[in-house]
Amino acid sequence: SSHLTKPSLISFSRLSSTMSAPKLKDPSLFKQNVCYVNGEWVPSSSGKTFSVHDPATSSLIGTCPEFSAKDASTAITHAAAAFESFRHLTGRERSKLLRKWYDLMVENAEDLATLITWENGKPLADAKGEVTYAANFFEWFSEEAPRIYGDTIPSSIPGNRVFTIKEPVGVCGLITPWNFPAAMITRKIGPALAVGCSVVVKAPGETPFTPLALAELADRAGIPKGVVNIITAHENTAEVGEELTTNPTVRKISFTGSTNVGKLLMKQCSGTLKKLSLELGGNAPFIVFDDADVDLAVAGAIASKFRSSGQTCVCANRIFVQRGIYDEFSTKFAEKVKAFKVGNGFGEGITHGPLIHDRAISKVDEHVRDAERKGAKVVLGGHKLPDLGGNFYQPTVLTGMTTDMAMAHEETFGPVAGLFPFDTEEEVVRIANESPVGLAGYFFSRDLERVNRVAEHLEVGMVGVNTGLISDPAAPFGGVKESGFGREGSLYGVGEYQITKMITHGGM
Ligand code: NAD
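Residues numbered from 1 in each chain as written. Predicted model: local features only at pLDDT ≥ 70, side-chain atom pairs only at ≥ 80, totals over all residues. Heavy atoms only, no water.

Undergrad: Summarise the sheet that holds strand β22 (residues 498-505); cite the residues concerned and give the values.
TA: The three strands are arranged β5-β6-β22 in an open sheet whose pairing can be described as antiparallel. If you trace the sheet from one side to the other, it starts and ends with β5 (152-154) and β22, each paired once. Between one strand and the next, the sheet's axes are offset by a mean angle of 30°, whatever the strand orientation. Across three bridges, β5 lies against strand β6 (residues 161-168) in antiparallel orientation. Paired with Thr152 across the bridge in β6 is Phe163. (Pairing = 2+ DSSP bridges. Helix = DSSP H or I, 4+ residues; strand = E, 2+ residues; numbered from the N terminus. Axes fitted to C-alpha atoms, helices over the stretch in contact; angles between N-to-C directions.)

Undergrad: Could you give me a rundown of the site of the ligand, with the residues and numbers involved?
TA: Residues in contact with the ligand amount to 27 residues; listed here are only the nearest, Thr176, Trp178, Lys202, Ser258 and Glu411. At a separation of 2.6 Å, an oxygen atom of the ligand approaches a polar backbone atom of Thr176. Measuring from a nitrogen atom of the ligand, one finds a backbone N or O atom of Glu279 at 3.3 Å. With the chains in place, 87% of the 840 Å² that the ligand exposes on its own is no longer accessible. Of all elements in the fold, only α5 (183-195), α7 (237-246), β10 (250-256) and α8 (259-270) reach the threshold of two or more residues within the shell around the ligand. (Near = heavy atom within 4 Å. Polar contact = N/O pair within 3.5 Å; in protein donor to acceptor, adjacent residues only side chain to side chain. Areas by Shrake-Rupley, 256 points an atom, 1.4 Å probe, with all protein chains shown as cover.)

Undergrad: A description of the environment of Ala145 should follow, citing residues and the corresponding values.
TA: Looking at the secondary structure, you find Ala145 in the loop between α4 (124-144) and β5. Separated by 190 residues in the primary sequence, Ala145 and Glu335 place their C-alpha atoms 47 Å from one another. Contacts of Ala145, omitting those with residues within four sequence positions, involve Gly91, Arg94, Ser95 and Ala194. (Contact = heavy atoms within 4.5 Å.)

Undergrad: I'd like a description of the packing of aromatic side chains, backed by residues and values.
TA: Enumeration over the complete set of coordinates arrives at 14 aromatic pairs. Taking the centre distance of 6.1 Å and the plane angle of 35° together, the rings of Phe306 and Phe333 count as tilted. Highlighted residues: Phe306 in helix α9 (residues 294-306) and Phe333 in helix α10 (residues 326-338), separated in sequence by 27 residues. Each member of the pair, Phe306 as well as Phe333, is classed as buried. Each residue in the set Phe306, Phe329, Phe333 and Phe340 is aromatic and connected to the rest through ring pairs, giving one cluster. Here Lys31 stacks its cationic end above the ring of Trp41, 4.8 Å away from the centre of that ring. Taking NZ or CZ as reference, Lys252 lies 4.9 Å from the ring centre of Tyr497, over its face. (Phe/Tyr/Trp six-rings, centres within 6.5 Å; stacked < 30°, edge-to-face > 60°. Buried < 20%, exposed > 50% of the residue type's maximum accessible area, 1.4 Å probe, protein only. Lys NZ or Arg CZ within 6 Å of the ring centre and 35° of its normal.)

Undergrad: Describe helix α1 (residues 69-86), naming the residues involved and giving the relevant values.
TA: With 18 residues, α1 extends 25 Å between its outermost C-alpha atoms, agreeing within 8% with the 26 Å of an ideal straight helix rising 1.5 Å per residue. Ala69, Asp71, Ala72, Ala75, Ile76, Ala79, Ala82, Phe83 and Phe86 are the residues of α1 that are buried. Seen from one end, α1 has its buried residues packed into an arc of 145°, which puts them on one side. The outward face of α1, more than 90 degrees from its buried face, is lined by the exposed residues Lys70, Thr77 and Ala81. (Expected span 1.5 Å × (residues − 1). Arc of directions from axis to C-beta.)

Listed below in C-alpha cells is the structure:
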C-alpha cells in the first residue's frame, strides 16, 4: 500500500472560513439568552450568559443563560409540581403529546439539522439523520405509553393475592453530551414522559441551541408546563450538576457522558440514593476475522469508526484484523478514507466535519504521536488542519498498532483508525476484553459457530455482527463494566423510569 503513504493526496475542502452564518426557515426556533422553565422562557437569575462557538469556523453562534444551582432548584420545584398532575394523565393522553412533539420534529427537521450542524459541526446529511433518529425515540415511546402494565403473581400465602403496578419514578434530572445534541436528549425524555415523569434537562454547553429548539417544539406540542424544563450552564455546570444530584426532590438521574463525570455524579447521588442510569465512554473493539466478507467489513469499519468524525461513544476504537487479510483490509480501508471530503458541515459534498473543540484535537494528535513513537505507521493523514479555520484533523489511518499504545486503552474520540494485527480468535477476544469499559463491540465473520461464540464472549453491552451500525430506538442501548448501566431505547428503556410497586391483598 505504498501509494497511500502521502497524506497530501487527500482532497480537503477549503469552504469553512468563507461560509456565512446559516439561516433558519423558522428563526423563532433559535433561542438566545433564555431557558425553558415551567413553560416560560427565562434568563438566569444573575443575568449571566456564556458564548457558544461554531466548531467549523470558531465564530460566535450566540449566547445562553448561565444557570446557577438556585436556578436549577427552581426548575426542579416546577417539575415536581407538574409531576403531580402529569403522572395521572392516561397513557393514551401522554402518547398523543409525545406523538405531537414527534410530528413537530419531523416538520421542523431541516431547521433542527441546521442547528445541529452549526453547533456540533457534523455534516448536514448526518445532522438530518440524527433528527430522524432523535424523533424516532418520541415515536417509539409514544407507542409504549399506553401499554404500561404490571403483573398478577400467585402468592405463597394462602388467601393472599400479589399484584404489581408500575409507577413513574418522579422528577428526573437528565444530563447529556454534545455529540448528539438532539438524540441523547430525546432518548431520555421519550421514556420519562411515556411513563409519567417530569424532567429537568441540563443541556450541553457546547450544543445548547438544539435542545432549546426542542423545548420550543415541546411548548407548541402542548406538553403541560413544568413537565419538560431545559436549562443551560457552562462555568456553573458542576454546581448545577450538584443540585440535580443532591436535591431530594429529584428521584432519578440519567447521564450520558464521560466515565469520570459519571463516577462523580454517582457519588453525589449516593446521599439521596437516586435511581441512576449511566451511559458512559467506550473503547469498542472491531474485529475482522479472515473468514469475513472483507468489503462488508471495510464498509462497516468506515461507518463505525468515522461517523461524526469518530466522536461517538460506540465508535470502533481498536480495529483488530486477522493477519491473513490484514494487508488487503488495510489497503481497501485506506482507499475509502482517502475519498473523504473534510470541511464545514454545510459545504457541498462534505463527508466529515470538525471536532468539537481544540482539546479534542490535542487528544487525537497525542494518540497519533504516541502510536508513531511506539512503531505504528501513518498510512494516511496524521496531522491537524489549522488552515481550515476550525477544529479540523486529517482522517488518519495507522497500521502496525500494538497494545502498548494509548489508543489501545483510551477512547480517542476522533477521526483516527488504528489497525491492530492478530493471529487467533482466543487472543483477540482476550485483548478485546482487556478494558475497564465495555459499551459496544463489533466483529465480522461468516462462521456461524464463531459468530455465536464471540458474541457471547465479548464483555460489552452491545454487539454488532457483520454491521458497524447498531443504534436503533427499538434496541436496548447501554454498557457493562465502567461504561455504566441502564438501557435506553426499547421496552428496557421504559423500565429505567419506573418503580415496580408490589401490592399484597390479604384475607381473600
Ligand atoms: P462530559 O462527561 O464532559 O459531559 C457530558 C455532560 O455532562 C455535559 O452536558 C456536561 O456539561 C456535563 N457535565 C460535565 N461535568 C459535570 C458535572 N460535574 N456535573 C454535572 N454535569 C456535568 O462528556 P463529553 O466529553 O462532553 O462527551 C463525550 C463522552 O460521552 C465520551 O466519553 C462518550 O463516550 C460519552 N458518550 C456516551 C454515550 C453512551 O450512550 N454511552 C453516548 C454519547 C457519548
